[in-house]
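Residue-level structural notes
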Amino acid sequence: MDAELLELQRQFEFAQQVKSSIRLSDRNVVELVQKLHELHIIDFDLLHTVSGKEYITPEQLKQEIVAEVNKLGRISLIDLADVTGVDLYHVEKQAQHVVSEHPEFMLIQGEIISQAYWDNVAEEINERLQECSQIALAEIAAQLNVGSQLVSSMLEARLGSLVRGRLEGGQLYTPAYVARVNSMVRGATRAITVPTNLSVLWGTILQSLQEMDGASGVAMESSFFQSLFNGLVKEGEVLGSLRAGVHWTPNVFATAQKECADSFFSQNSFISYDTLNKLGISQPVQFLQSRYPEGIPLATAFANPSLIEILDAAVEDAVERSTWIDSLSVLPMSFGSQDASKILSLCPSVKSALKVNKGLILGETYVFSNNFIKSVYDLMEKEMDAFGLLGTSGDVLSDDSNMVKEVKVKNVSSRSSDFSDTGNQKKKKGKSAATKTVESIPDDEDYVPTKSKKNQRKGKGAASLQASDAKAGAKKDSARMQEDNLNVPSEEWVMQKILSLVPDFEEQGIEDLQIILRPLANHMRPMLINYLKKRRKTIFTENTEKMKRLLDNVQKKLDESFLNMQLYEKALDLFEDDQSTLVILHRHLLRTIGASIADTLFHNLDKHNKLKTGSEVEESQSSESIMLNSAERTAIAKSFPGSLSKKALAVVEALEGKQVEAFMTSLRDMAEESGLLVKMLDKKLERTLLHSYRKDLTAQVSTETDPVTLLPKAVSLLYIQVHSKALQAPGRAISIAISRLKEKLDDSAYKVLTDYQTATVTLLSLVSAATGDEEDCTSDRILSKKEFLEDLMPKLKGLVLNTPKT
């Protein structure tokens, strides 16, 4: 058998050495291979090499790749393409097959790396780690030219076997180093006795490590310390609670907190939230409720139910004794008004008193017995009446006018006549007023609506219009009593009165009396206002009839006096050519007849307004004329509402002027604004009034016994007889008036008149010039002159009474 093999070898060798007579070119070989492929004689893939002179199968390529990786441990695909001489495309394709078929290989970033390579790297890292105690993964990754994540995953699989260390936070540490740092963490955390932010603690430990290690120390992340700390907590080597991952509260501190809170609460039956915040308890309510479920959470403190029992007993005693109590005086000093209010709401005696209307809580902390409030209110009613809170003027008064508040209540009125009010009236002190009144602000400037002239029909009686208006006003005002404007006592006034009636408040030593007085005043003030409204309603009902009688009376007086004023005004036309005398006559007429008319109208309209607002006004039975000075007229005019006030002020201004006509116009405007009618003088009325005036003067002249008084009456009667004019002349204009009669009288009659006037002037001069040194002489002359006048009086009377009318 061996001989046969040897023979075959010799033949094969001979065949190889024999030169072929037929040679094939490279191109023919390529075509031959392609033909073999087509004939499926070669049924496997062939890969061209980069040189194009060789073929290689994929299996052979994979074998060569595996061989190179096993030899080097780590090789890039580009290097494999160079080594195998195959295009990079085929190398990449076969490399993927190699990695999938060999689990110990991995293809990372264009490189094939074997596990053996990583084992070698891990051994090198371990040797280095044992030398320097710690290595940063970033440094290893940079040296290996791979990612840190790949290095981390490689090391994690070999920790405890090839690598003896601990991987934490991007750093690789030896067990000895970890134990060292762990001891530092354990010691530092055990030394903490108060809540601490662990981030600060880790920074301190890191600084210490860097100082100890010097230049060899590396920067550590807080997560390394935190990981060690979490392990210590889990193993129970450090005791405490961790909040939000970084806030550490040691058990020793929590125990001290609880003991301190328990001690304070048990001794005082309460504990404030501020106290717990100082102890480091951030959620005091939840902390206390978990420990004392029966406790009561208040606004600023946490209370024991025993405080309710203490306060309940004190409140019950105060209600039974008809007095009051400040709950803060019973509760601890640190309690606020909200705390006291909450505890009061839980007191059984308070609930019972409120339910049966025996007690009242005011100002959150004060409990008043209803009997106490009623007694104070009864005294307040008496004080209001005693001090004239409802006086004859109807204004709300007090000992200090600044203590009364002005209250505006809008009152809408639809009436367009008479004295309709839509707001408050400004009250001013009149001649008979003895006390100051309080001004209130009008809601509407047009306080009194103007009576339309269209509604004034000639010939209609003023009394009937005023009566119907008063009835309509009474109906509307009584139906709208809730909207009536009242001057009411202010809170300050009520507080002042309460303090004077109940001095106990001040004796209690309350620092701020307003804390107790203001709630009590706010409670009592509506009751006092209702009392005022009821009183006012009663007074208003009584005033309705008074208003009717007052309007009737003022209309009669206005009719008579205004006609007389017009009659006297016509006599002024006789002196148009003498301006100086005309001014004197105008002023005299304004200051006598005009002032009387204005004073009567002002006084009665003022009374009407007071009656209109529900004030008490006494009806005067006296028939004496009203006399006001300029200041009083102005004050009353300003107290009128709206446009009536403006027109009344115009009357006052005209009264101080020099023109009767201006006064008459302004007086007529004011009367019409007030809803009163004014009669205009016509021929028939003029004749009637002149006849009546002449008859009256004739009777006065006949019975006059005073020689001085006789002269102006005689002159006035002569003017009626001669000029048919009713002249009102003052003493200094008598001589001018007499001179105007010269052409109307005969010489003897005129001489009697001038002699009498001269003697009268002389007599008055002697009386005014009389002095002590010349008393006897002057008396004789005065007596002589009186005798002369008395002798001349019959002649003057005869002259006047017998002068025919021209």
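Residues numbered from 1 in each chain as written. Predicted model: local features only at pLDDT ≥ 70, side-chain atom pairs only at ≥ 80, totals over all residues. Heavy atoms only, no water.

1. With respect to the overall build of the protein
Filter applied, for reference: Where helices and strands are cited, they refer to DSSP runs of H or I of at least four residues and of E of at least two residues respectively, numbered from the N terminus. We call a residue buried when its accessible area falls under 20% of the maximum for its residue type, exposed when it is over 50%, and partly exposed in between, using a 1.4 Å probe and counting protein chains only. It only takes one pair of heavy atoms within 4.5 Å for two residues to be counted as in contact. Areas reported as accessible are Shrake-Rupley estimates using a 1.4 Å probe. Residue values count occlusion only from the protein chains shown.
Tallying secondary structure elements over the protein gives 32 helices and 17 strands in all. For the protein, the proportion of its 806 residues judged to be buried stands at 43%. Once local pairs closer than 6 in sequence are excluded, the contacts in the protein between residues at least 24 apart make up 67%. Summed over its atoms, the accessible surface of the protein is roughly 43400 Å², and 51% of this surface lies on carbon and sulfur atoms.

2. Re the confidence of the model for the protein
Let me state the cut-off plainly: The pLDDT value expresses, per residue, how confident the predictor is, ranging between 0 and 100.
Here the protein averages 75 in pLDDT, while 78% of its residues score no lower than 70. Ignoring residues within four places in sequence, the model shows residues 391–485, a span with pLDDT below 50, making 209 contacts including any to other chains.

3. Here's the deal with the sheet that holds strand β5 (residues 111–114)
Rules: Think of it this way: DSSP has to see at least two bridges between two strands before they count as a pair. Between the N-to-C directions of two axes lies an angle of 0 to 180 degrees, each axis being a line fitted to C-alpha atoms and, for a helix, fitted only over the stretch in contact.
The three strands lie next to each other as β3-β5-β4, forming an open sheet whose pairing is antiparallel. The sheet is open, and its two borders are formed by β3 (74–76) and β4 (105–108), each paired with just one other strand. The mean angle between the axes of side-by-side strands here comes to 20 degrees, regardless of whether they run parallel or antiparallel. Of the strands in this sheet, β3, β4 and β5 touch helix α3 (residues 58–72), which is tilted by about 130 degrees from β3.

4. Overview of unusual backbone geometry
Backbone geometry places Ser269, a non-glycine residue, at a positive phi of 65 degrees. Turning to its location among the elements, Ser269 is positioned in the loop between α12 (251–268) and β12 (270–272). Phi at Asn357 is positive, roughly 60 degrees, even though this residue is not glycine. Relative to the elements of secondary structure, Asn357 occurs in the loop between α18 (348–355) and β16 (359–362).

5. Remarks on the pattern of salt bridges
Just so we agree on the cut-off: Criterion for a salt bridge: a side-chain nitrogen of Lys or Arg within 4 Å of a carboxyl oxygen of Asp or Glu.
Within the structure shown, the criterion is met by 16 salt bridges. A salt bridge links Glu7 to Arg10; its shortest N-O distance comes to 2.3 Å. Of the two residues, Glu7 and Arg10 both sit in helix α1 (residues 2–17), three residues apart, roughly one turn of that helix. For Glu7, a relative accessible area of 33% gives the class partly exposed. By sharing partners, the salt bridges in this structure join Glu59, Lys62 and Glu101 into a single network.

6. Overview of the sheet that holds strand β10 (residues 240–243)
Ordered in space as β9-β11-β10, the three strands form an open sheet in which the pairing is antiparallel. Each having just a single partner strand, β9 (196–197) and β10 make up the two edges of the open sheet. With four bridges connecting them, β10 and strand β11 (residues 247–250) associate as antiparallel partners. Across the sheet, residue Arg243 finds its bridge partner in β11, namely His247. Taken strand by strand, α12 contacts β10 and β11, and its axis lies near 65 degrees from that of β11.

7. Some words on the nonpolar core
The criterion, for reference: We define a nonpolar core as any set of buried Ala, Val, Leu, Ile, Met, Phe, Trp, Tyr and Cys residues linked to one another through side-chain atoms lying within 4.5 Å.
By size, the foremost hydrophobic cluster in this structure holds 79 residues, and its most contacted members are Phe602, Phe663, Met670 and Leu753. Formed by 25 residues, the second largest nonpolar core is a distinct cluster that contains Met380, Met384, Leu528 and Tyr531.

8. Details of the packing of aromatic side chains
Cut-off, in case you're wondering: A pair of aromatic rings is counted whenever rings of Phe, Tyr or Trp (Trp by its six-membered ring) have centres within 6.5 Å, and the orientation is called stacked for planes under 30 degrees apart, edge-to-face for over 60 and tilted otherwise.
For the coordinates displayed, the defined rule picks out 12 aromatic pairs. Both rings, one in Phe602 and one in Phe640, keep their centres 6.1 Å apart while their planes meet at 65 degrees; by these two values the pair is edge-to-face. With Phe602 in helix α24 (residues 579–612) and Phe640 in the loop between α25 (630–639) and α26 (642–655), this pair connects stretches of sequence that are 38 residues apart.

9. What to know about α26
Note the threshold: One less than the number of residues in a helix, times 1.5 Å, gives the span that helix is expected to have.
The terminal C-alpha atoms of α26 lie 21 Å apart, and with 14 residues this matches the ideal 20 Å at 1.5 Å per residue to within 8%. Along α26, the residues classified as buried are Gly642, Ser643, Leu644, Ser645, Ala648, Val651, Val652, Ala654 and Leu655. Contacts from the buried residues of α26 go to α24, α25 and α27 (660–673).

10. Quick word on helix α31 (residues 747–769)
The periodicity of an α-helix, 3.6 residues per turn, causes residues three or four positions apart to be oriented the same way. The first and last C-alpha atoms of α31 sit 32 Å apart over 23 residues, in line with the 33 Å expected at 1.5 Å per residue. When α31 is considered as a whole, its buried residues turn out to be Ala749, Tyr750, Val752, Leu753, Thr754, Tyr756, Gln757, Ala759, Thr760, Leu763 and Leu766.

11. Concerning the packing of helix α6 (residues 115–132) against helix α7 (residues 137–144)
Rules: When describing relative orientation, an angle under 35 degrees is termed roughly parallel and one over 145 degrees roughly antiparallel, while 65 to 115 degrees is termed roughly perpendicular and anything else oblique. Put simply, a crossing is left-handed when the front helix is turned counterclockwise from the back one by less than a right angle, and right-handed when it is turned clockwise.
For the pair α6 and α7, the least separation of the axes is 13 Å and the interaxial angle reads 135 degrees. Classified by the angle their axes make, α6 and α7 are oblique. By crossing handedness, the relation of α6 to α7 is classed as right-handed. Residues Tyr117, Trp118, Val121, Ile125 and Arg128 of α6 form the contact with α7, whose participating residues are Glu139, Ile140, Gln143 and Leu144.

12. Description of the pairing of strand β17 (residues 366–369)
Across the two faces of β17 the burial is the same, with Tyr366 and Phe368 and Val367 and Ser369 all buried. Looking at chain direction, strand β15 (residues 324–326) and β17 are connected through three bridges and run antiparallel. Opposite Trp324, over in β17, you have Phe368 as the bridge partner.

13. A look at the side chain of Gln566
Our working definition: Distance and chemistry together define a polar contact, namely a pair of N or O atoms within 3.5 Å, with one atom able to donate a hydrogen and the other to accept it when in protein, and with adjacent residues in sequence counting only for side-chain atoms on both sides.
Looking at where Gln566 falls in the secondary structure, it is placed in helix α23 (residues 514–570). A polar side-chain atom of Gln566 sits 2.8 Å from the main-chain carbonyl oxygen of Lys679. When near neighbours in sequence (up to four residues on either side) are disregarded, Gln566 contacts Met664, Lys679, Met680 and Leu681.

14. Quick word on the environment of Gly187
Note that Gly187 resides in helix α9 (residues 175–191). Using a relative accessible area of 39% as the deciding quantity, one classes Gly187 as partly exposed. Along the sequence, Gly187 and Val238 sit 51 residues apart, while their C-alpha atoms lie 9.2 Å from each other.

15. Observations concerning the environment of Ser241
As for its placement among the helices and strands, Ser241 is situated in strand β10. A residue is classified by how much of its surface remains accessible, and Ser241, at 42% relative accessible area, is partly exposed. Residues Ser241 and Pro195 lie 46 residues apart in sequence; the distance between their C-alpha atoms is 9.5 Å.

16. Some thoughts on a negative patch on the surface
Our working definition: Exposure above 30% relative accessible area and the lack of any salt bridge qualify a residue for a patch; like charges then connect within 9 Å, and the nonpolar side chains Val, Leu, Ile, Met, Phe, Trp and Tyr within 5 Å. Charge convention: Lys and Arg are scored as positive, Asp and Glu as negative, and His as well as the terminal groups of each chain are ignored. Charge positions come from single atoms, namely NZ of Lys, CZ of Arg, CG of Asp or CD of Glu.
On the surface, Glu123, Glu124, Glu127 and Glu131 cluster together into a negatively charged patch. With respect to the secondary-structure elements, Glu131 resides in helix α6.

17. As for the packing of α3 against helix α4 (residues 77–84)
Heads up, the condition is: Gly counts as polar in this scheme, as do all residues outside two lists: the nonpolar Ala, Val, Leu, Ile, Met, Phe, Trp, Tyr, Cys and Pro, and the charged Asp, Glu, Lys and Arg.
The geometry of α3 relative to α4 is characterised by a closest axis approach of 11 Å and an angle of 120 degrees between their N-to-C directions. As far as their axial angle goes, α4 and α3 are oblique. Regarding α3 and α4, the two cross each other, and that crossing is right-handed. Each of Leu61, Glu64, Ile65 and Glu68 in α3 lies in contact with α4, whose residues at this interface are Leu80, Val83 and Thr84. Its residues placed into classes, the contact of α3 with α4 shows four nonpolar, one polar and two charged.

18. Examining the environment of Ser208
Within the secondary structure, Ser208 sits in helix α10 (residues 198–213). For Ser208, a relative accessible area of 27% gives the class partly exposed. The sequence separation of Ser208 and Met184 amounts to 24 residues, and the corresponding C-alpha distance is 9.7 Å.

19. Digging into the pairing of β16
Both β16 and β17 contribute to a ladder of four bridges, which runs antiparallel. Bridge assignment links Leu360 to a residue of β17, and that residue is Phe368. Connecting β16 to the antiparallel partner β17 that follows it, the hairpin turn spans three residues, and Gly363 within it adopts a positive phi of roughly 65 degrees.

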